[in-house]
Amino acid sequence: MESSLFRFIWNYSKRQQVVIMLITTLSFPLLYIMLELPKLIVNDAIQGKSFPRNVAGFDLDQIPYLLVLCFAFLGLVILNNGVKYTLNVYKGLTGERMLRRLRYELFQRVLRFRLPQFRRVSSSEIIPMITSEVEDLGGFIGDAIAVPAFQGGTLLVYLSFIFVQDPLLGLAAVALYPVQGYLIPKLQRRVVVLARQRVRNVRSIADRVGEGINGVNEIHANDTSAWHLADLSNRLHTNFTIRYEIFKRKYMIKFINNLINQLTPFFFYSIGGYLVIQGNISFGALVAVLAAYKDLAGPWKELLAYYQTQADCSVKYQTVIENFDLPDLYPLERLTSDEVVKLAGPLAMTSVSFSEGGGRPEAQAVTMEVPLGAHCAVVGDDRSGRSEVLLLAAGLLTPDSGRVEIGGRNIDALAAATLGRLIGYVASGAHIFSGTLRDNLYYGLRHRPVTVAEAVEGALPDIAYRRTEAEVTSNSPFDVSAEWEDYRAAGAVDRETLEQSAIDVLSKVGLDDDVYRMGLQARLDGHAALKDRMLGLRAAIGERVKSDPKLGDLVELWDIDRFNRSASVAENLLFGLPADPSVSIGQIPQNERFIAFLKQSGLHPELVSIGRKTAETMVELFGSLSAESSLQESFSFIGSDQMPDVERILRKGASGDGELPDADARLLIGIALKIVPAKHRLGVVDEEVEAKIVQARKAFHERVGTASGKFVLFDRGAWVTPLSIEDNLIFGKPRGDRRDARERIEFFIGKMVDEMELREPILKAGLDYNVGVAGSRLTGSQREKVALARALLKKPYILIVDGPASGANTHDRTLRDAIRDAMEGRTLLFGCDDPQVGSEFEFSVTLNNGRVEDLNAPQWPRIEEAEPLTQGSLQ
Amino acid sequence: MTIDSEVDTLCRVPLFKGIDAKKLRLLAFISERTCFRSGEHLCSQGERGDSAFIILKGEADVVVTTESGEQVVAQVGANDIVGEIAILCDVPRTASLVAVSDMDVLTISKESFLKLLKEFPEMALEVMRALAQRLEKTTRDLSTATAILADQAAG
């Protein structure tokens, strides 16, 4: 990368910089005319004589002449500001494009880091470098060349004017420049050093804050928050002193500059005055020089400010770049090349050594060969170098010496296009990306966009705009919204078959039951045909529940004429749900239509009083508990944040009745709505209330209903979007007073689903399960299986597994067999630390302290080439 | 079926005899009320015990499965508390509970019960007293049984 900011600016924006200079030059005559014109107006038009004047062939009297000049002035004002605006926009544009280019380049370099580098840098240091640290450069780049050129030019013009008036005065004017020229850079140099320290200090602060967040459990578990705070306080102090030093020097520079600027007139008055008195120069000339000198201050100040910004930005640039300009980056072609080299033949390591120093496990002269299609266990504990050897085999680490070859090709020379598409690598703790399960499974197929993004109406200009901007900043030309899944790599031909392959892989790794359950909890959007089939299933389930007393004992179905005691008062009253699933029951009373309806139907006072009674009971039940008891949290349906409000309402209620404020009434109604009679048994919802609610239901449907779009009503014949698939299928509530009712009904649904062959669509709905940030909504073993499924889906030529499924228990054993089954006929390297597990494999390598201790390689039919793989990019 | 009616029952459970109604109300509220049909298992021998049962209505057989087959060792009914041992110490269920009629049962989870004991030490004391009495009775029974056995051996 360009080692200095100016080289970077010049290399990528010389054309723009020239344009900026040109526009600035153009604006100078304009500015000059604009200064001249008022003089002309005053002297010539207002005070002038001898009219009419001839302007561009027209004879004009005084008034029209004045008007013409004034409009010309107006026009110039507009033009001048227009030019300024254009110039500023253009500068901004240039700066922002350069900033984009820089950030892109930086991140691209991060992706080119070799693996060991990531052990040396922390993400909380890298992130601010790419984001906030370079931010200021954008503003500076537009000014980088134009400002010094023109302010310097202006300064020169004024100076030569002074020199022309009188060389001696000219000398006086520049007499102190050498002093400034000596002092200011000296101070600035110190500022630059400090600025570097400041950047490093801020990075270390970011790093510590990041550590504090990642290690928050440890901090609390060890009571070390005081230590962390002290550590941060210490760093903040350093930060403070650095900044204090910087601004002291900055103001010192300003001080010197101002002092010297105001000192020069001293020479003018003394020397100039002397010269005037002696009659060596005219008084007029002295005045002119003084005026010119005053004008000198402007550009000088600008230049100084520029000098300081420039120094600041250069430091920022350099302190960022030095972290990315590493000598051992992967070559750029490794990332960008789209050429897939066919890998055929054995995987061979020839005296491969790798060391990172610092006592980390390493590989020492490892020599082994795994024939094509063989499954080989790599056995060794954490310190044996097993993981390193497997990383080397995957091409993720580069050996210090020796060669790793596949079919005679040195894999270090291969591009990521080959390594990443033909080799699968799964280690314990593999990263799961935020997004859906589907995103994660398809992740291994997203190498390049396979189609152009579908042009939505009116989106074409936007796409073109994005592309040209990307081109001018050397950014990625690929459209992220295009389709990226390489169907053929997964052996599929279109979206549907790919989904099918994904589901096949999921069942191979034994994740299908989990995904089926996720599917049951998913909400179905669109898919009209599927909903119809599901509604058919709902009807069948409903029939069975009605006819089978055992099932009927587990579920209370939704029935418009009957109160459902296993459901909340809210669901009973609405006989529906808020359309937005994120609206909780307690928030329903915030809906105006709902409140208006309650008042109309006379239920308002009833619900308020139920809410009040419930609140009283809650306060009575939980009031005597100590503050640290978690019983209230788990059982009371008044949140601890609502408690103060509730207590206030109850106190007021006790001290004589007034009109209850609207907000308080809503709060109490919210409490009443949450009651599930079968569960809470507070005796506040009696049969009379139940009857009233059932009656109000129909009125609610008529008066409010779905018209507002805020509510969705239950209807046996229609899909209820805010409900999960499972709740839609049950179309009722598992009974609150029956043990394990939900589990038992789920079991029954499972049977019905299989009967009606709906398992697959539900599995597909499960693919849209959101896995959370870094897969946090999955369990550890689910994450591992997702990572395995991701690798298997892309049908790798060679699969390397390090850690997952390597236990001796039956669960791991089954998974291991499934992996081997899926990799039948293709090469598999399987890392494990249990020799017993290793002995399951026909080939095995045992590592100890980085050396091959034992090699078990039976005769193997030599196949030069695997079965033709359905590898899209190969064809 | 409200917690108030449940509290009436709880008052009659010997274990909760000395505890005031207010706390029993809380106990009732944090318990789950479930009904069981005749023949259903409340819990099964050998599984991890995570809750105790307070029987409000109906009867259940205490069934122990031995090598010689299933054997009903006792019967429990209204106002009885069963399974409390399992929530005080981590032991698997020593017997199955099978409903012999339709039952209403309050199920209190181990977690809630322990939290409650922590909150109200006098309740813990009461539980301790009840258990001590039971132990004392068991010990007395055991010594009687030992004496009888010794007599038989001697005779």
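Residues numbered from 1 in each chain as written. Chains lettered and ligands numbered in written order. Predicted model: local features only at pLDDT ≥ 70, side-chain atom pairs only at ≥ 80, totals over all residues. Heavy atoms only, no water.

- In the nomenclature of an unreviewed UniProt entry, chain B is known as Cyclic nucleotide-binding domain-containing protein of Breoghania corrubedonensis.
- Turning to chain B, the UniProt annotation filed under Subcellular location (unreviewed entry) states: "Membrane". (UniProt positions renumbered as here; feature names shortened; annotations may be inferred.)

- In the annotation of an unreviewed UniProt entry, the entry for chain A reads Putative ABC transport system ATP-binding protein, and the organism field reads Breoghania corrubedonensis.
- UniProt lists a comment for chain A under the heading Subcellular location (unreviewed entry), and it reads "Cell membrane".

### Here we look at the overall build of chain B
Then, in step 1: Along chain B, the regular secondary structure elements total five helices and eight strands.
Then, in step 2: Over its C-alpha atoms, taken along the principal directions, chain B stretches across nearly 55 × 35 × 25 Å.
Then, in step 3: Out of the 155 residues in chain B, the part that is buried amounts to 44%.
Then, in step 4: Excluding contacts between residues fewer than 6 apart, the proportion of contacts in chain B whose partners are at least 24 apart in sequence is 74%.
Then, in step 5: For chain B, the exposed area adds up to about 8100 Å²; of that, 56% sits on carbon and sulfur atoms. (Helix = DSSP H or I, 4+ residues; strand = E, 2+ residues; numbered from the N terminus. Buried < 20%, exposed > 50% of the residue type's maximum accessible area, 1.4 Å probe, protein only. Contact = heavy atoms within 4.5 Å. Areas by Shrake-Rupley, 256 points an atom, 1.4 Å probe, with all protein chains shown as cover.)

### A few points about the domain arrangement of chain A
Then, in step 1: Partitioning chain A into domains gives domain 1 (5–321), domain 2 (333–448 + 773–874), domain 3 (449–483) and domain 4 (580–704).
Then, in step 2: Centre-to-centre separation of domain 2 of chain A and domain 4 of chain A, based on C-alpha positions: 59 Å. (Domains from an automatic or database assignment.)

### Some remarks on the environment of Ala153(B)
Residue and element names in this part refer to chain B.
Then, in step 1: One can find Ala153 in helix H5 (residues 121–154).
Then, in step 2: Residue Ala153 is classed as exposed on the basis of its relative accessible area, which comes to 67%.
Then, in step 3: C-alpha separation for the pair Ala153 and Thr34, spaced 119 residues apart in sequence, amounts to 49 Å.

### A word on the nonpolar core
Then, in step 1: In this structure, Leu573(A), Phe594(A) and Phe16(B) are the most contacted members of the largest nonpolar core, which totals 73 residues.
Then, in step 2: In contact with Leu573(A), not counting residues within four places along its chain, are Phe594(A), Phe597(A), Leu598(A), Leu603(A), Leu607(A), Leu673(A), Ile693(A), Ala696(A), Arg697(A) and Phe700(A).
Then, in step 3: Membership of the second largest hydrophobic core comes to 72 residues, among which are Leu437(A), Met518(A), Ala741(A) and Ala805(A). (Core = buried A, V, L, I, M, F, W, Y, C linked by side-chain atoms within 4.5 Å.)

### Let's talk about helix H1 (residues 3–12) of chain B
Then, in step 1: Buried within H1(B) we find Ile3(B), Glu6(B), Val7(B), Thr9(B) and Leu10(B). One face of H1(B) carries all of its buried residues, which in axial projection span an arc of 160°.
Then, in step 2: Buried residues along H1(B) sit against helix H27 (677–680) of chain A together with helix H2 (21–30), strand S1 (32–36), strand S3 (51–57) and strand S8 (103–109) of chain B. (Arc of directions from axis to C-beta.)

### Comments concerning the UniProt feature "domain: ABC transmembrane type-1" (unreviewed entry) in chain A
Then, in step 1: If you check UniProt for "domain: ABC transmembrane type-1" (unreviewed entry), the listed places come out as residues 39–312 of chain A in our numbering.
Then, in step 2: The span residues 39–312 of chain A shows a helical share of 87% and a strand share of 2%, and its end C-alpha atoms are spaced 42 Å apart.

### As for the interface of chain A and chain B
Then, in step 1: Between chain A and chain B, the residue contacts involve 26 residues of the former and 29 residues of the latter.
Then, in step 2: Where chain A abuts chain B, roughly 2300 Å² becomes buried across the two surfaces, and 55% of that area is made up of carbon and sulfur atoms.
Then, in step 3: When the buried surface of chain A facing chain B is broken down by residue, Leu621(A), Arg681(A) and Arg739(A) rank first, second and third, together holding 34% of it.
Then, in step 4: For Glu620(A), the salt bridge goes to Arg25(B), with nearest N and O atoms at 3.0 Å.
Then, in step 5: Every element with two or more residues in the side of chain A that touches chain B is listed here: helix H23 (604–623), helix H24 (631–635) and H27 of chain A. (Buried area = accessible area lost by both parts, 1.4 Å probe. Salt bridge = Lys/Arg side-chain N within 4 Å of Asp/Glu carboxyl O.)

### Looking at the layout of surface pockets
With a probe scaled to a water molecule rolled over the atoms, the places where space remains empty come into view.
Then, in step 1: Approximately 820 Å³ is the volume found for the second largest pocket.
Then, in step 2: In this structure, the second largest pocket is lined by 35 residues; those nearest its centre are Lys679(A), His680(A), Arg735(A), Gly736(A) and Glu32(B).
Then, in step 3: Secondary-structure elements contributing two or more residues to the lining of the second largest pocket are H24, H27, strand S12 (732–734) and helix H30 (741–755) of chain A together with H2, S1 and S8 of chain B.
Then, in step 4: Looking at the lining of the second largest pocket, its residues break down into eleven nonpolar, ten polar and 14 charged. (1 Å grid on protein atoms, 1.4 Å probe; cavity = no way out; pocket = protein on both sides within 12 Å on 5 of 7 lines; lining within 4 Å. Points joined across faces, edges and corners; volume = space filled by probe spheres on them. Nonpolar A, V, L, I, M, F, W, Y, C, P; charged D, E, K, R; others polar.)

### With respect to helix H16 (residues 460–472) of chain A
Residue and element names in this part refer to chain A.
Then, in step 1: For H16, spanning 13 residues, the distance from its first C-alpha to its last is 19 Å, which sits close to the expected 18 Å at 1.5 Å a residue.
Then, in step 2: Buried within H16 are the following residues: Ile463, Glu469 and Ala470. In a view along the axis of H16, the buried residues occupy a sector of 130°, so they form one face of it. Away from its buried face by more than 90 degrees, H16 exposes Leu460, Pro461, Tyr465 and Glu471.
Then, in step 3: In this structure, the buried residues of H16 make contact with helix H2 (62–112). (Expected span 1.5 Å × (residues − 1).)

### Digging into the pattern of salt bridges
Then, in step 1: Within this structure, the stated rule accounts for 64 salt bridges over all chains.
Then, in step 2: Between Arg495(A) and Glu485(A) there is a salt bridge; the shortest N-O distance is 3.0 Å. With a gap of ten residues between them, Arg495(A) in helix H17 (residues 495–508) and Glu485(A) in the loop between H16 and H17 connect regions that are remote in the sequence.
Then, in step 3: A salt bridge links Lys764(A) to Glu499(A); its shortest N-O distance comes to 3.8 Å. Placement of Lys764(A) in helix H31 (residues 759–766) and of Glu499(A) in helix H17 is noted, with a sequence separation of 265 residues between them. Just as Lys764(A) is buried, Glu499(A) falls in that class too.
Then, in step 4: Because the salt bridges share partners, they merge into one network encompassing Asp553(A), Arg735(A), Asp737(A), Arg738(A), Arg744(A), Arg37(B), Glu40(B) and Asp102(B).

### What about the pairing of strand S15 (residues 843–848) of chain A?
Residues and elements named next belong to chain A.
Then, in step 1: As defined by bridge partners, strand S5 (residues 375–379) adjoins S15 across four bridges and the pair is classed as parallel. Bridge pairing links Val378 to Val845 in S15.
Then, in step 2: Two strands pair when backbone bridges link them, and S15 and strand S16 (residues 851–856) are joined in this way by five bridges, in the antiparallel orientation. Across the sheet, Val845 pairs through a bridge with Leu855, a residue of S16.
Then, in step 3: Here S15 folds back onto S16 in antiparallel fashion, the turn holding two residues, of which Asn849 has a positive phi close to 50°. (Pairing = 2+ DSSP bridges.)

### Topic: empty space enclosed by the protein
Residues and elements named next belong to chain A.
Then, in step 1: Inspection of the entire model under this criterion finds three cavities of 30 Å³ or more.
Then, in step 2: As a volume, the largest cavity reaches approximately 50 Å³.
Then, in step 3: Around the largest cavity sit Trp558, Glu571, Phe714, Leu723, Asp727, Gly732, Lys733 and Arg742, which together line it.
Then, in step 4: Grouping the constituent residues of the lining of the largest cavity by class yields three nonpolar, one polar and four charged.

### Re the confidence of the model for chain A
Then, in step 1: When the pLDDT values of chain A are averaged, the result is 86; 96% of them are 70 or greater.
Then, in step 2: pLDDT under 50 marks residues 866–875 of chain A. Its contacts with residues more than four places away, or in other chains, come to 25 contacts. (pLDDT = per-residue confidence, 0-100.)

### Quick look at the sheet that holds strand S8 (residues 423–427) of chain A
All names here are of chain A.
Then, in step 1: Reading across from one edge, S8-S13-S14-S5-S15-S16 is the order of the six strands in this open sheet, with mixed pairing throughout. The sheet is open, and its two borders are formed by S8 and S16, each paired with just one other strand. Neighbour to neighbour, the strand axes of the sheet diverge by 15° on average, direction disregarded.
Then, in step 2: As paired strands, strand S13 (residues 798–802) and strand S14 (residues 827–832) are joined by five bridges and run parallel to one another. By the bridge assignment for S14, Val801 is matched with Phe830. (Axes fitted to C-alpha atoms, helices over the stretch in contact; angles between N-to-C directions.)

### Describing the packing of aromatic side chains
Residues and elements named next belong to chain A.
Then, in step 1: Evaluated as defined, the whole model comprises 23 aromatic pairs over all chains.
Then, in step 2: Aromatic side chains Phe8 and Tyr12 sit 5.4 Å apart centroid to centroid with 65° between the ring planes, which places their arrangement in the edge-to-face category. Placement of the pair is Phe8 and Tyr12 together in helix H1 (residues 5–46), with a separation of four residues, close to one helical turn.
Then, in step 3: With a relative accessible area of 2%, Phe8 lands in the buried category.
Then, in step 4: Site record: aromatic cluster; members linked through ring pairs are Phe240, Tyr244, Phe247 and Tyr251.
Then, in step 5: Across the ring face of Phe841, the terminal group of Arg820 is positioned such that the distance to the ring centre comes to 4.4 Å. (Phe/Tyr/Trp six-rings, centres within 6.5 Å; stacked < 30°, edge-to-face > 60°. Lys NZ or Arg CZ within 6 Å of the ring centre and 35° of its normal.)

### Let's talk about the UniProt feature "domain: Cyclic nucleotide-binding" (unreviewed entry) in chain B
Then, in step 1: UniProt records the feature "domain: Cyclic nucleotide-binding" (unreviewed entry) at residues 15–134 of chain B, using the numbering of this structure.
Then, in step 2: With 32% helix and 36% strand, residues 15–134 of chain B has end C-alpha atoms that lie 10 Å from one another.

### Some points on the side chain of Glu133(A)
Residues and elements named next belong to chain A.
Then, in step 1: For Glu133, the position within the fold is in helix H4 (residues 123–133).
Then, in step 2: A polar contact is formed between the side chain of Glu133 and the side chain of Arg203, at a distance of 2.8 Å.
Then, in step 3: Setting aside its immediate chain neighbours within four residues, Glu133 contacts Pro128, Val199, Arg203, Lys316 and Val320. (Polar contact = N/O pair within 3.5 Å; in protein donor to acceptor, adjacent residues only side chain to side chain.)

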